[in-house]
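Spelled out, the chains give:
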Amino acid sequence: MYEPIRTKSVHSMADDAGFPHRSREEELDIQLAGHLAALLAATDELRALAPDAGLDAAADRLAAQVARLRDGARPPRASVAAAIRPHGSTRGRDPQPHVAALHQRAHALAGRALVVAASRADTAAAILAAERMDAHADATRLVGAS
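About the criteria used
- Residues numbered from 1 in each chain as written.
- Predicted model: local features only at pLDDT ≥ 70, side-chain atom pairs only at ≥ 80, totals over all residues.
- Heavy atoms only, no water.
- Axes fitted to C-alpha atoms, helices over the stretch in contact; angles between N-to-C directions.
- Helix = DSSP H or I, 4+ residues; strand = E, 2+ residues; numbered from the N terminus.
- Parallel < 35°, antiparallel > 145°, perpendicular 65-115°, else oblique.
- Left-handed = near helix turned anticlockwise from the far one by under 90°.
- Nonpolar A, V, L, I, M, F, W, Y, C, P; charged D, E, K, R; others polar.
- Expected span 1.5 Å × (residues − 1).
- Buried < 20%, exposed > 50% of the residue type's maximum accessible area, 1.4 Å probe, protein only.

Caption draft 1: Structural detail: the packing of helix α1 (residues 24-49) against helix α3 (residues 96-120). Orientation of α1 relative to α3, taken along the N-to-C sense of each, is 160 degrees, at an axis distance of 9 Å. Between α1 and α3, the angle falls in the class roughly antiparallel. In this structure, α1 meets α3 at a crossing whose hand is left-handed. A per-class count over the contact of α1 with α3 returns 16 nonpolar, 5 polar and 7 charged.

Caption draft 2: Geometry of α3. Its 25 residues place the ends of α3 36 Å apart at the C-alpha level, agreeing with the 36 Å of an ideal helix rising 1.5 Å per residue. Considered for burial, the residues of α3 that qualify are V99, A100, L102, H103, A106, L109, A110, G111, A113, V116 and A117. Downstream of α3 by one or two residues, A121 has phi in the positive range, about 60 degrees.

Below you can see the structure in the form of structure tokens.
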């Protein structure tokens with residue numbers, strides 16, 4: 001009924017040796033470092049808008065975890081002195097809505113980091129992400145209540 005193919009296919013697979021390949025663990029490390037670095041950026045922005053010793057300690061712990069995942073490469077940090085002001089200066093305006101939004105964003109980022117850390121079985125990063133989720137959830141409630 002069907003005749004067998006007699007010629008070689010013109011389609012061939014690409015040579016795998018020419019492409020860099022990463023293991024699943026390496027990919028998860030990269031993803032986790034990215035989520036923690038984004039959380040660190042949000043934490044630094046919160047530190048600039050609403051200085052707090054707890055945020056300072058959390059930022060240092062986040063930076064250490066990102067450096068560990070990136071083989072010692074320290075993440076870029078925003079200085080508190082050069083405060084990041086959204087849409088210009090907040091002078092004369094209430095910064096609370098922006099602080100609440102930042103806490104919500106940080107909570108979401110910590111949640112993403114927690115999921116990746118759990119799938120990677122990285123206990124230290126998972127604990128840190130869970131602590132940050134709790135802290136940002138509490139802060140969101142406090143800022144929203146005031």
